[in-house]
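# Observations on the three-dimensional arrangement
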Number of protein chains: 2
Amino acid sequence: MKQTCLSFALVLACAGGVLATMPSPPAQAATTATSESSAAPVLVTPAQWQQMASQGERYPWFAKEQARTEAQLRKMMRAGIDVPFPKDKGGGRTHEQHKRNYQALLAAGTLYRLTGDTEYVDYARRMLLEYARLYPTLGPHPEGRGQIPGRVFWQVLNDSVWLVNAVQGYDAIRDALPAKDRQTIDDNVFRPMAEFLASEPKNFDQIHNHSTWAVAATGMTGYVLRDQELVEKSLRGSRKDDTFGFLRQIDLLFSPDGYYEEGPYYQRYALAPFLLFANAIERNEPRRKIFERRDGVLLKAVDVLVQSSYGGLFFPINDAILDKGVDTEELVAGIGIAYARTGDGHLLSVAEQQGRLLLTPEGLQVAQALADGKAKPFDYRPMLLRDGPDGDRGGLAILRMGGEGGQALVQKDTMQGMGHGHFDKLNWLFYDNGQPVVTDYGSARFLNVEAKRGGIYLAENRSWAKQTVAHNTLVVDERSHFNGDWKRGEEHAPTVRFFQADEDTQVASATMRDAYPGVTFTRTQALLRHPDLGLPVVLDLLQVQGAKPARYDLPLHFNGHIVSTGFQAERFVDQRPVLGKDNGYQHLWLDARSPASSEARTLAWLLDGRFYSYRFGSSAPAQALLVESGANDPEFNLRREPALVQRVEGQRAVSFFSVLEPHGEYNGTAEYVHGADSQIRDLVRVRGTDAELLELRLASGARIALGVADDSTSEGEHTVTVDGHAYRWHGSHARMDRTAGKEAAR
Amino acid sequence: MKQTCLSFALVLACAGGVLATMPSPPAQAATTATSESSAAPVLVTPAQWQQMASQGERYPWFAKEQARTEAQLRKMMRAGIDVPFPKDKGGGRTHEQHKRNYQALLAAGTLYRLTGDTEYVDYARRMLLEYARLYPTLGPHPEGRGQIPGRVFWQVLNDSVWLVNAVQGYDAIRDALPAKDRQTIDDNVFRPMAEFLASEPKNFDQIHNHSTWAVAATGMTGYVLRDQELVEKSLRGSRKDDTFGFLRQIDLLFSPDGYYEEGPYYQRYALAPFLLFANAIERNEPRRKIFERRDGVLLKAVDVLVQSSYGGLFFPINDAILDKGVDTEELVAGIGIAYARTGDGHLLSVAEQQGRLLLTPEGLQVAQALADGKAKPFDYRPMLLRDGPDGDRGGLAILRMGGEGGQALVQKDTMQGMGHGHFDKLNWLFYDNGQPVVTDYGSARFLNVEAKRGGIYLAENRSWAKQTVAHNTLVVDERSHFNGDWKRGEEHAPTVRFFQADEDTQVASATMRDAYPGVTFTRTQALLRHPDLGLPVVLDLLQVQGAKPARYDLPLHFNGHIVSTGFQAERFVDQRPVLGKDNGYQHLWLDARSPASSEARTLAWLLDGRFYSYRFGSSAPAQALLVESGANDPEFNLRREPALVQRVEGQRAVSFFSVLEPHGEYNGTAEYVHGADSQIRDLVRVRGTDAELLELRLASGARIALGVADDSTSEGEHTVTVDGHAYRWHGSHARMDRTAGKEAAR
């Protein structure tokens, strides 16, 4: 059939005798569906399928996605059906094959509806009959992992993911199956899978993303099998008393601002079942107004997830793979559903960046809107995302200037984040010029790479990646926060002191108690723009109060090649020692160690053609250590990355203060350098009676002061005098600029 | 003047009274020029300027470049003229300002011709009068470097570059200057500058790229000042006897294939004066047929330079900055001139990649052709680039499959490359999937970064980057080739044995004698495609013959994160020793050391979502060492990169053999892995009487054999028997495949 028919209206004129051999068009498939209404699709309505089938090809994004899906599925169909006995860990052959199978089932159901081609039904039917033979024979997976092993996969979580995907494909073809096959597949695949997932409270009745996948799988299966009991349990917990279940998860796992306790990496992962199940609920039980629950928190969560990214990649806080970003499949679903409900054109630019969409009614709306040119740039903006179900358990502070490729400072004042949380209270990250500059290691894991322990979290995730010293925050006596016990960490959250996000001045401040017995620390960070500086700079003040003298370490993990070290140091150039024994210190090689001093020092590095000058000091003498990760790593599991550690010994109290200045340009192509010199001459810290102040002295003569009151709630006046000049302000903090002898409050 | 006139034809209707204050249109500027014909432009003819002025705006690429240039120049004009007394090294303020000034002079001359705006003339005139006051007062630069310090810059090379650029701008405005100013500038800037450059044989009479810049500067100045004597000296050397000078440089610095002895990085740098001066010669003395010299070698050199790149970056052999690539300014000029002379549409895709062009007659032709959609993909293809003026001093072998983003293997069998050459005979590089996989460190230098020793070559360039151990080739007794003496290196070149570049089989082979006393080594490498392998693989056979027992080291510098080490080794995880004392070994940390063994081992790594499995063995027991650069580096000048070293002790002769297999895909976004397992089961080496053979055994059962005769010139039959199977072939080498017991010659 070489001749191409341009549209449905032309088919009769153009196809002639070919028509008889063409697959039934989608409208006929839908007609068949109504003949057995108890099997008609419910996750997407027949009318919606018809609309996609008739309109999809008009919209390039939808048509391209359909073509891509078709090509992939055809390739799998050619390879033949393969439903192997489960044997392998993540990344292994049987694991990957079962993953491909659920993708194939979803694709087959979708393409059948879009094209009416019954070959897809037959392929899915035959594969599902294989599963119907296999599944009842399965016990716990031989490589079973965690408290509840899966059946098809090694961890039960993967079984949930299989079901969430496969049941959508099944829903689309169920009414096209012979009744006997449908019965076989209902009874031997979907019902027992759902029952298995719901049978174990440790899987089903939890407030945790694994459980969200489980309830989404069982709930969606409940709708498809017309099993309202299963739906109820999924929504309200296995005891149907609302202690657990989907609704309770919505209430507890998100903060009122849509932040998810585990952080963006898991927020992304959890988002898919939240949104897919919510969408199924909305279609089948709109009276539940699921998307309005908690002031629309599910849709807020989509926006928050995009806001929690830079350069297309999520902020890698807690256990996170660095290469995960806004183009992940889960967020493709999220953007589609959020756009369909809000019509917000800013989401469309994210869809463009993703380069794909889902073959769903929501995907069609995205494709239509993109074709209509409705996309607007996503509005990346500074924000404080409160954490905790009630929004009073710390938060994630995001300071931003210069939009998408500009500066972003992330201060992590959030809750622990459960078992995937890192011990990094008041940690910070900094991005500039499209690059991570002050970094977080993320997790130590090679997802799905079998040679790396089957792709699970490596031992180094616990021994390095989670430890405090692997982050940019205070370590006391070489131990991690909460002594590395995440359950203790769950009990204590930071207190956000204040948050300001103006055009030229953005400030975040938080206090942490109880990360160490008797130690309180407060971090205040500002992103400041000034006409005499090429780019905004970061001021950082970390004030520590302890009950007894201790060793205080403050690491800074930076990205770039060192250009200059503005301090004397003993160098370990021909025998490289390890920094410490435990809690992550055993993974750090020591390259340089300066004598202790109170004078401000500098370190400058070069990254992607831009210079970064870091000027740092402390109220008590500190050593500067230059270190690199990678020690005690027999299997080469760690990346090797540099850090600077400021170390103060035997003090009760200390203030660490610093400024990070991005500047200049190194252009290797055009062979020029400009702005290689820092525009900052000095950084001075002065203590008043009830406040501290940092004064930044620029090469231009201008001065920028940041005053920070000890008590952020007091409304009174504070005074700090620097070289005879009295800085005065009211309230928690103030930026005060002086130019040529004048003072200007901002 | 808010109102915008759409085209020249509308000016009268639209501009009204504004017309009087508009700058003269370009045609009038050209008219003025003819009034003083001895000052009319000669580097670009008045007619060519007129054509650009009248047609340029029609072509988006030209118009965009003009707008960009205009914006940059306007910014400089607003900043005011600044001709500082020379004081700083590379990267310093006065250095960068004088660089900006020559760019401004070139831009001002060009824009005056394109727009007729005399403001540009005035700006250039005032700047040049500043130079006329300054230049006669200058002695050797206070930071003077090398045998001949510059005047305006610390090294005389930069003075030459200044003149090449500035004289082009001056040529464009010279007839628009008052006679007195012209005289002043001729006499106090351009003539003395040219005379200074020509005055010192160590600068002017050399066969070296520095001298090419010098002769181009003086020759172009000669045309502009109508000083034929200066032109003659530039073309034929200061004694006008053709011992030196531009023509001799063309004859000696390029091989017949257009390869430039120093390698692509310096080929790029040298290309600009070669082509700019040649273009000037062609315009003023077309009878010299300069572009036809040596069978058009100058235009071949442009093609070769693009061929010597991967992913847009030049192969970093010898002293090379890694981020230099086809988008450098020099090659922008090169592509323009080459396109104008050949009309080859393949060059236009390079212009597109460059994203810019020059505001010259050639740039206009590129812009026109791009507008006409004439661009074709550049044809990256395998080739042997013979080295040496007569093409008999080794060569650069480039094996390629899969086009631009496919596989590229570079075997460096070239001459020494003078003072910028590295000691790396028969070194190799490998690229795949858009990435460097087997790497070359390039040079140890932060170009123009003042904090890094003023931006010059660092001490580590000599102590590390040039040394043999920093490369992927044979080191004997921990010493570098020629004992690190480049002048000795100049005397000896490798011998190319054979080169084959078919679709599925590409092979390069060369022999090196005299890199070490009494040691001969031969390397044969093949890039092989096979239906049972997902991607082409590299076979490598390095045969060494020495007069006495020695330590033979063979490093492999690889890019990626180690996934698995298929061998037992002592690990240095908590105290990292240095590998050796000198010749680069002092810069290597030792991470792991295996016992000596003759069994083939494996090392696998992951890079940008693809796995690389390296299987290696040797005819005598070898240790496997895992090392990393960065030891004995007090100023943090080195990048820290991993390498594998195979070490054979106390042998006279040894064959190292290996296969490098790219395979599989790790997709972090979509969370899948496939093809993580190598498809190669074994690699066997067997010695015959007059030949060696490698047999690659695939998981599929297929076998691929590569037979290599000791004497590549013998036409006779060779036989090597492996496990009872006799492989027979005629001539230097052969690929022989066996599938399920059958043998197929390719």
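Sequence order as written defines residue numbering, which begins from 1 separately in each chain. Starting at A for chains and at 1 for ligands, labels are handed out in the order in which the entities are written. At least 70 in pLDDT is required for a residue's local features to be given in this predicted model, at least 80 for side-chain atom pairs to be given and counted, and no such filter applies to totals for whole chains, interfaces and linings, which use all residues. To get the side-chain values, all heavy atoms of the structure are used, and hydrogens and water are removed first.

Our working definition: UniProt positions are given in the numbering used here, feature names are shortened, and annotations may be inferred rather than shown by experiment.
Chain A carries the name Alginate lyase family protein in an unreviewed UniProt entry, which gives Stenotrophomonas tumulicola as its organism. According to UniProt, the comment filed for chain A under the heading Subcellular location (unreviewed entry) is "Periplasm".

## Quick word on the overall build of chain A
This is how the line gets drawn: Helix and strand definitions follow DSSP, with helices as H or I runs of at least four residues and strands as E runs of at least two, each counted in order from the N terminus. The buried label applies to any residue whose accessible area, calculated with a 1.4 Å probe on protein chains only, is under 20% of its type's maximum; exposed applies above 50%, and partly exposed to all values in between. Per-residue and other accessible areas were derived by the Shrake-Rupley procedure at a 1.4 Å probe size, with only the shown protein chains allowed to occlude residues. Just so you know, the count uses Lys and Arg for positive and Asp and Glu for negative, and it drops His and the chain ends. Every charge is mapped onto a representative atom, which is NZ of Lys, CZ of Arg, CG of Asp or CD of Glu.
Regarding its fold elements, chain A presents 19 helices and 29 strands. Expressed along its principal axes, the backbone C-alpha trace of chain A runs to roughly 95 × 55 × 55 Å. Counting every position in chain A, which comprises 746 residues, the buried fraction comes to 61%. In the structure as shown, chain A presents an accessible area of about 26,600 Å², 48% of it carried by carbon and sulfur atoms. In chain A, 83 side chains carry a positive charge and 93 a negative one; their mean positions are 3 Å apart.

## Quick word on the interface of chain B and chain A
Formally: Every residue pair with non-hydrogen atoms within 4.5 Å of one another is taken to be in contact. By convention, the term buried area covers the 1.4 Å-probe accessible surface removed from two parts as they join, with the contributions of both added. Here, a salt bridge means any side-chain nitrogen of Lys or Arg that lies within 4 Å of a carboxyl oxygen of Asp or Glu. Whenever a nitrogen or oxygen atom comes within 3.5 Å of another N or O atom, the pair is scored as a polar contact, on the condition that within protein one atom can donate a hydrogen and the other can accept it, and that pairs from neighbouring residues in sequence are kept only if both atoms are in side chains. By the convention adopted, Pro, Cys, Tyr, Trp, Phe, Met, Ile, Leu, Val and Ala count as nonpolar, Lys, Arg, Asp and Glu as charged, and the other residues, Gly among them, as polar. A strand pair is defined by DSSP finding two or more bridges across the two strands.
In this assembly, 50 residues from chain B lie in contact with 50 residues from chain A. Counting each side, the surface lost to burial between chain B and chain A is near 4,400 Å², with a carbon and sulfur contribution of 51%. Of all residues in chain B, His-561, Phe-636 and Glu-671 of chain B give up the largest surface area on contact with chain A, accounting jointly for 16% of the area buried on that side. Along the contact surface separating chain B from chain A lie four salt bridges. Put simply, Arg-640 of chain A and Glu-628 of chain B hold a salt bridge, and the shortest N to O gap is 2.7 Å. The interface formed by chain B and chain A includes 15 residue pairs in polar contact (both at pLDDT 80 or more). Counting only elements with at least two residues in the side of chain B that touches chain A, the list comes to helix 5 (93-115), helix 13 (264-284), strand 13 (561-565), strand 15 (575-577), strand 16 (588-593), strand 19 (623-629) and strand 22 (672-674) of chain B. Broken down by element, the side of chain B that touches chain A gets its largest block of residues, five residues, from strand 13 of chain B. The class makeup of the residues in the side of chain B that touches chain A is 23 nonpolar, 10 polar and 17 charged. Pairing between strand 15 (residues 575-577) of chain A and strand 15 of chain B: three bridges, direction antiparallel. Within strand 15 of chain B, the position partnered with Gln-575 of chain A by the bridge is Pro-577 of chain B.

## Re the pairing of strand 24 (residues 691-698) of chain B
Residues in a regular strand project their side chains so that they alternate between the two faces of the sheet. Residues and elements named next belong to chain B. Within strand 24, eight of the eight residues are buried, which leaves the element mostly enclosed by the surrounding structure. Along strand 24, one buried face is formed by Ala-691, Leu-693, Glu-695 and Arg-697 and the opposite face, lined by Glu-692, Leu-694, Leu-696 and Leu-698, is buried too. Taken together, the seven bridges between strand 23 (residues 680-687) and strand 24 define a ladder with antiparallel strand orientation. Of the residues in strand 24, the one forming a bridge with Leu-683 is Leu-696. A loop of three residues connects strand 23 with strand 24, the two strands running antiparallel in sequence. Taken together, the seven bridges between strand 24 and strand 25 (residues 703-709) define a ladder with antiparallel strand orientation. When the bridges of strand 25 are listed, Glu-692 appears paired with Val-708. Between strand 24 and strand 25, which pair antiparallel and follow one another directly, the connecting turn spans four residues, one of which, Gly-701, has a positive phi of 100°.

## Brief notes about the UniProt feature "domain: Heparinase II/III-like C-terminal" (unreviewed entry) in chain A
Cross-referencing UniProt, the feature "domain: Heparinase II/III-like C-terminal" (unreviewed entry) maps to residues 386-645 of chain A in the present numbering. As annotated, residues 386-645 of chain A has a helix share of 5% and a strand share of 46%, and its two end C-alpha atoms lie 30 Å apart.

## Considering the relation of the copies chain B and chain A
Put simply, the rule is: To superpose the copies, least squares is applied to the C-alpha atoms of every residue with a pLDDT of at least 70 in both.
Overlaying chain B with chain A gives an RMSD of 0.0 Å, the required rotation being 180° about an axis along which the chain moves by 0.0 Å. The two molecules are tied by a two-fold rotation axis, judged by turn and shift. Among all residues of chain B, the minimum C-alpha distance to the rotation axis is found for Arg-576 of chain B, at 2.5 Å. Both copies share a contact surface, since 100% of the interface residues of chain B are interface residues in chain A too.

## Side note on the packing of aromatic side chains
Inclusion rule: Ring pairs shown here join Phe, Tyr and Trp side chains whose ring centres sit within 6.5 Å, with only the six-membered ring taken for Trp; geometry is labelled stacked below 30 degrees between planes, edge-to-face above 60, and tilted in between. Our definition puts a charge over a ring when NZ of Lys or CZ of Arg is within 6 Å of the ring centre and also within 35 degrees of the ring normal.
With the rule as written, the count across this model stands at 38 aromatic pairs over all chains. Linked through ring pairs, Tyr-223, Phe-246, Phe-254, Tyr-260, Phe-274 and Phe-277 of chain A together constitute an aromatic cluster. Over the aromatic face of Tyr-457 of chain B sits the side chain of Arg-445 of chain B, whose NZ or CZ is 4.5 Å from the ring centroid. Above the ring of Phe-567 of chain B, the side-chain terminus of Arg-601 of chain B is found at 6.0 Å from the ring centroid.

## Topic: helix 10 (residues 209-224) of chain B
Residue and element names in this part refer to chain B. For the record, the criterion: Take the number of residues in a helix, subtract one, and multiply by 1.5 Å to get its expected span.
For helix 10, spanning 16 residues, the distance from its first C-alpha to its last is 23 Å, which sits close to the expected 22 Å at 1.5 Å a residue. Across the 16 residues that make up helix 10, a large majority, 15, are buried. Downstream of helix 10 by a residue or two, Arg-226 has a phi angle that is positive, lying close to 55°.

## Brief notes about helix 16 (residues 346-354) of chain B
Residues and elements named next belong to chain B. Every buried residue of helix 16 is accounted for by Leu-347, Leu-348, Ser-349, Val-350, Ala-351 and Gln-354. Tucked inside the fold, the buried residues of helix 16 contact helix 4 (60-79), helix 14 (293-307), helix 15 (329-342) and helix 17 (361-371). After helix 16 finishes, the residue Gly-355 shows a positive phi value of roughly 70°.

## Points about unusual backbone geometry
Generally, phi is negative for residues other than glycine and the peptide bonds are trans, each holding for most cases. Residue and element names in this part refer to chain B. Its identity is not glycine, yet Arg-453 carries a phi of approximately 50°, on the positive side. Assignment of secondary structure puts Arg-453 in the loop between strand 7 (435-438) and helix 18 (459-465). The backbone of Phe-636 sits at a positive phi, close to 55°, despite the residue not being glycine.

## Some details on the pattern of salt bridges
Side chains that carry opposite charge are capable of pairing whenever their charged atoms lie near each other. Going through the model one piece at a time under the given rule, you end up with 107 salt bridges over all chains. Between Asp-295 of chain A and Lys-300 of chain A there is a salt bridge, and its shortest N-O distance comes to 3.5 Å. Among the residues examined, Asp-295 of chain A registers a relative accessible area of 64% and is labelled exposed. Assessed through its relative accessible area of 28%, Lys-300 of chain A is described here as partly exposed. A salt bridge links Glu-478 of chain B to Arg-647 of chain B, with the nearest nitrogen and oxygen atoms 3.5 Å apart. With Glu-478 of chain B in the loop between strand 8 (475-476) and helix 19 (486-490) and Arg-647 of chain B in strand 20 (residues 642-663), the pair connects residues that are 169 residues apart, well separated along the chain. For Glu-478 of chain B, a relative accessible area of 18% corresponds to the buried category. Given the relative accessible area of 6%, Arg-647 of chain B is considered buried. Several salt bridges share partner residues, and in doing so they unite Glu-232, Arg-236, Asp-242, Glu-285, Arg-287 and Arg-288 of chain A into one network.

## Points about the UniProt feature "domain: Alginate lyase" (unreviewed entry) in chain A
The feature "domain: Alginate lyase" (unreviewed entry), as given by UniProt, occupies residues 68-308 of chain A in the numbering adopted here. Helix makes up 68% of residues 68-308 of chain A and strand makes up 0%, while its end C-alpha atoms are separated by 29 Å.

## Observations concerning the side chain of His-587 of chain A
All names here are of chain A. Locating His-587 in the fold gives a position in the loop between strand 15 and strand 16 (588-593). A distance of 2.8 Å separates the side chain of His-587 from the side chain of Ser-463, its partner in a polar contact. Within the local environment of His-587, its side chain forms a polar contact with the backbone oxygen of Asn-632, the two atoms lying 3.3 Å apart.

## As for the sheet that holds strand 4 (residues 395-401) of chain B
Each strand in a sheet pairs with another by means of backbone hydrogen bonds, the pair being arranged parallel or else antiparallel. Residue and element names in this part refer to chain B. Let me state the cut-off plainly: All axes here are fitted lines through C-alpha atoms, helices being fitted over the stretch that makes contact, and every angle between N-to-C directions spans 0 to 180 degrees.
Read from one edge of the open sheet, five strands run 3-4-5-6-7, paired in antiparallel fashion. Among the strands making up the open sheet, the edge pair consists of strand 3 (383-386) and strand 7. Direction aside, neighbouring strands of the sheet carry axes that sit 20° apart on average.

## Topic: the pairing of strand 18 (residues 610-618) of chain B
Residue and element names in this part refer to chain B. With nine of its nine residues buried, strand 18 lies for the most part within the structure. Here strand 18 shows two buried faces, one formed by Arg-610, Tyr-612, Tyr-614, Phe-616 and Ser-618 and the other by Phe-611, Ser-613, Arg-615 and Gly-617. The pairing of strand 17 (residues 601-607) with strand 18 spans seven bridges and is antiparallel. The residue of strand 18 that forms the bridge with Leu-606 is Phe-611. Hairpin connection between strand 17 and strand 18: a loop of two residues separates the two successive antiparallel strands, and Asp-608 in this loop has a positive phi of roughly 50°. Here strand 18 runs beside strand 20; their pairing, made up of eight bridges, is antiparallel. Each bridged residue has a counterpart across the sheet, and for Tyr-614 the counterpart in strand 20 is Leu-660.

## As for the domain arrangement of chain A
Residues and elements named next belong to chain A. Counted only if it meets this: Throughout the structure description, domain borders are defined by an automatic or database domain assignment.
Domain parsing of chain A yields domain 1 (1-15 + 47-227), domain 2 (254-379) and domain 3 (393-498 + 533-676). The distance between the C-alpha centroids of domain 2 and domain 3 comes to 31 Å. In this assembly, 18 residues from domain 2 lie in contact with 36 residues from domain 3. Between domain 2 and domain 3, the buried area comes to about 2,200 Å², and carbon and sulfur atoms account for 56% of it. When residues of domain 2 are sorted by the area they lose upon contact with domain 3, Glu-261, Tyr-310 and Asp-319 head the list and together hold 34% of the total. Counting across the domain 2 and domain 3 interface gives one salt bridge.

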